[in-house]
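# Geometric and topological summary
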Amino acid sequence: PNPFNTQTEITFPAPAAGKADFRVYDMLGREIIQRTIDAVTGANKIVVQRSDAASGSNPMNKITLFSKSLQPGIYFYKINYKNKALTKKMIVTARP
């Protein structure tokens, strides 16, 4: 869900397996996160967590990114896959 506090899931479809580029930018356009993802055919899920600790299982189409650098604020994420791009807003709230 958006906004999120400690974790959010981003899904995107892929008509075929391939490499996808995932990036997160702050409001000033600075790149905060960059990962290359091995997308699978069908639904792909990216989990963004505000922590450094890994947890749980990680199926092939679920990528978990751990980042303490996501302070409360507005960010934009961009997924590039086979000459197509998806850009959306992501709102991070303060931890309780």
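These remarks concern the structure in this document.

Conventions and cut-offs
- Residues numbered from 1 in each chain as written.
- Predicted model: local features only at pLDDT ≥ 70, side-chain atom pairs only at ≥ 80, totals over all residues.
- Heavy atoms only, no water.
- Helix = DSSP H or I, 4+ residues; strand = E, 2+ residues; numbered from the N terminus.
- Contact = heavy atoms within 4.5 Å.
- Areas by Shrake-Rupley, 256 points an atom, 1.4 Å probe, with all protein chains shown as cover.
- Salt bridge = Lys/Arg side-chain N within 4 Å of Asp/Glu carboxyl O.
- Buried < 20%, exposed > 50% of the residue type's maximum accessible area, 1.4 Å probe, protein only.
- Pairing = 2+ DSSP bridges.

So, on to the overall build of the protein chain. Broken down by element type, the protein chain carries 0 helices and 7 strands. If you list the helices and strands of the protein chain from N to C, you get β-β-β-β-β-β-β. Relative to all contacts within the protein chain whose residues are 6 or more apart in sequence, the contacts with residues 24 or more apart total 53%. As presented, the protein chain carries roughly 5,800 Å² of accessible surface, and 55% of it is formed by carbon and sulfur atoms.

Here we take up the pattern of salt bridges. A complete count under the given rule lists 5 salt bridges for this structure. A salt bridge links Lys45 to Glu9; the nearest nitrogen and oxygen atoms lie 3.5 Å apart. You can see Lys45 sitting in strand 4 (residues 42-49) and its partner Glu9 sitting in strand 1 (residues 7-14), a full 36 residues away along the chain. What makes Lys45 partly exposed here is its relative accessible area of 28%.

All right, on to the pairing of strand 6 (residues 73-81) then. The pairing of strand 2 (residues 18-26) with strand 6 spans 7 bridges and is antiparallel. The partner of Asp26 across the bridge, within strand 6, is Tyr75. Bridging between strand 6 and strand 7 (residues 84-92) involves 9 bridges; their strand directions are antiparallel. Across the sheet, residue Gly73 finds its bridge partner in strand 7, namely Val92. In this antiparallel pair of consecutive strands, strand 6 and strand 7, the connection spans 2 residues, and Lys82 shows a positive phi of 45°.

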